[in-house]
Amino acid sequence: MADESIKHKDGVKMNLFTAVNSAMDNAMAEDEKVCLFGEDVNFGGVFRCSVGLAEKYGKERVYNTPLSEQGIAGWAIGMAVMGHKPIAEIQFADYIFPAFDQIVNEAAKYRFRSGGQFNCGGVTFRSPCGAVGHGGLYHSQSVEAYFTHCAGLKVVCPSTPADAKGLLLSCIDDPNPCLFFEPKILYRTAEEMVNPEAYTLPIGKARKIQEGKDVTVVGWGTLVSEGGMLTKAVAKAEAEGVSVDYIDLRSIIPWDVDMVCESVAKTGKLVVSHEASQTSGFGAEIIATVTKECFLNLEAPPTRVCGLDTPFPLTHEKLWLPNEHKNYDAIMKAVGYNFA
């Protein structure tokens, strides 16, 4: 894996929301074509990710929009077509669906349908995602898989502040439309030393959290954060002598097929976990690819540990999620699997 030490160089302590803020600050300072808009971003947004940016760069570059996700997305696409680099905030990922048509039928296809004459590659859609402990039906969903089925988009979901900053700056500079999902429970709970200057991290490259030899475990977002449910399951398995090759996917589309397949070729076993419901979740794509590429290396059936196939509950959130106990059981079953 390439050296990514730049993300901690001259580090300043940041949490995830301040790292996102730092990334947008750097981008706006370097390029006057970068602008930010969405619901309530002018005063800093509901999660404070844009705090101070309107005062610093003016209300022509940082401004509120009407409560219309379809309008936000359409406005962003139009600005990108004209050469700007808009960062469009969708206040919660659960409410991105009114913008779905604009994103998948316009942004994703704009370059292709014009034969490369026009594009809107400068657009980045940011949105908080995932469970938060009390969000219920409409403030808890992980929606990344809906967009991975649409060619022409890049989809990113970081788990650390330093990764969030570097990957967001990469999305802003990328010549393709990008969706950047921010696990909102990590906004204030994830902290580390982050380079205050601009830097980028490669989209499409996973992060190896730790090396191991017995089983490959893959996740992204909140699950793989420090203290995340998957991280706790890995630690519990390690305490019982299981050596886990642990991967934070970070980039969902494109995803790091090479790192995952090289790991599975070594361990022979795979557990994939994500917060979204199991059926048609992105874990299925990972397992399908690994089964094709590593079939002769597999020593156990690849396993998914995911959210349940029901709407997201409120009072039963802990039972619905792929918690540490479910993940631990899956890891131990994979390690102990016997074909006989």
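Quick caveat: nothing in here was measured; it's all calculated off a predicted structure.

Colleague: Describe the nonpolar core, naming the residues involved and giving the relevant values.
Modeller: Ile-103, Phe-125, Phe-147, Phe-181, Leu-249 and Ile-286 are the most contacted members of the largest nonpolar core, which totals 51 residues. Per-element accounting of this core gives the leading share, six residues, to helix 3 (residues 69–81). Not counting the four nearest positions on each side in its chain, Ile-103 is found in contact with Ala-73, Ile-96, Ala-108, Phe-125, Phe-147, Leu-153 and Leu-179. Judged by nonpolar contacts, the second largest core, of 37 residues, contains Met-28, Phe-47, Val-62 and Phe-92.

Colleague: Can you tell me about the packing of aromatic side chains, naming the residues and giving the values?
Modeller: Applying the stated criterion to the full structure yields ten aromatic pairs. Here the aromatic rings of Phe-47 and Tyr-187 are separated by 5.0 Å at their centres, their planes lie at 40 degrees, and the arrangement is tilted. Note that Phe-47 is positioned in the loop between strand 2 (34–38) and helix 2 (53–57) and Tyr-187 in helix 8 (residues 186–189), a separation of 140 residues in sequence. By relative accessible area, Tyr-187 is classed as buried at 1%. Ring plane angle 50 degrees and centroid distance 4.6 Å describe the contact between Phe-312 and Trp-320, whose orientation is recorded as tilted. Both residues of the pair, Phe-312 and Trp-320, belong to the buried class. Members of the aromatic cluster, connected to one another through ring pairs, are Phe-47, Phe-92, Tyr-95 and Tyr-187. Stacked on the ring of Tyr-328, the Lys or Arg Lys-236 has its end atom at 4.4 Å from the ring centre.

Colleague: An account of the side chain of Glu-317 is requested, with residue identities and associated values reported.
Modeller: Summarising the element assignment, Glu-317 is placed in helix 12 (residues 317–320). As a buried residue without a salt bridge, Glu-317 has its nearest oppositely charged side chain in Lys-318, at a separation of 8.1 Å. Excluding its chain neighbours within four sequence positions, the residues that come into contact with Glu-317 are Ala-131, Val-132, Gly-133, His-134, Gly-135, Ser-140 and Phe-312.

Colleague: Could you give an account of a nonpolar patch on the surface, with specific residues and numbers?
Modeller: Taken together, Tyr-95, Leu-137 and Tyr-138 make up a surface patch of nonpolar side chains, about 300 Å² in accessible area. Tracing the sequence through the fold places Tyr-95 in the loop between strand 4 (85–89) and helix 4 (100–107).

Colleague: Describe the pairing of strand 4, and please don't skip the residues or the numbers.
Modeller: Among the five residues of strand 4, four are classified as buried, and the element is accordingly described as predominantly covered. Here five bridges tie strand 2 to strand 4, and the two strands are oriented parallel to one another. Paired with Gly-38 across the two strands is Glu-89, which belongs to strand 4. Pairing analysis gives three bridges linking strand 4 to strand 5 (residues 124–129), with the strands arranged parallel. Directly across from Ile-87, in strand 5, lies its bridge partner Thr-124.

Colleague: Tell me about the pattern of salt bridges, and please be specific about residues and values.
Modeller: Oppositely charged side chains may form a pair once their charged atoms are brought near each other. Applying the stated criterion across every chain, the model contains 21 salt bridges. Notably, a salt bridge pairs Lys-13 with Glu-191, separated by 3.4 Å at the nearest N-O pair. Of the two residues, Lys-13 is situated in strand 1 (residues 12–15) and Glu-191 in strand 8 (residues 191–194); the sequence distance between them amounts to 178 residues. For Glu-191, a relative accessible area of 44% translates into the label partly exposed. Where Glu-211 meets Lys-266, a salt bridge forms, and the shortest distance between an N and an O atom there is 3.2 Å. Pair noted here: Glu-211 is in the loop between strand 9 (207–210) and strand 10 (215–219) and Lys-266 is in helix 10 (residues 257–267), with a separation of 55 residues, a long-range link. Note on Lys-266: relative accessible area 42%, which makes it partly exposed. Each of the salt bridges in this network shares a partner with another, and the network as a whole consists of Glu-4, Lys-7, Asp-163, Arg-207, Asp-248 and Arg-250.

Definitions and cut-offs
Residues numbered from 1 in each chain as written. Predicted model: local features only at pLDDT ≥ 70, side-chain atom pairs only at ≥ 80, totals over all residues. Heavy atoms only, no water. Core = buried A, V, L, I, M, F, W, Y, C linked by side-chain atoms within 4.5 Å. Buried < 20%, exposed > 50% of the residue type's maximum accessible area, 1.4 Å probe, protein only. Helix = DSSP H or I, 4+ residues; strand = E, 2+ residues; numbered from the N terminus. Contact = heavy atoms within 4.5 Å. Phe/Tyr/Trp six-rings, centres within 6.5 Å; stacked < 30°, edge-to-face > 60°. Lys NZ or Arg CZ within 6 Å of the ring centre and 35° of its normal. Lys, Arg positive; Asp, Glu negative; His and termini not counted. Salt bridge = Lys/Arg side-chain N within 4 Å of Asp/Glu carboxyl O. Patch = residues over 30% accessible without salt bridge, like charges linked within 9 Å, V, L, I, M, F, W, Y side chains within 5 Å. Areas by Shrake-Rupley, 256 points an atom, 1.4 Å probe, with all protein chains shown as cover. Pairing = 2+ DSSP bridges.

Without other data, these values stay purely geometric and don't point to any function.
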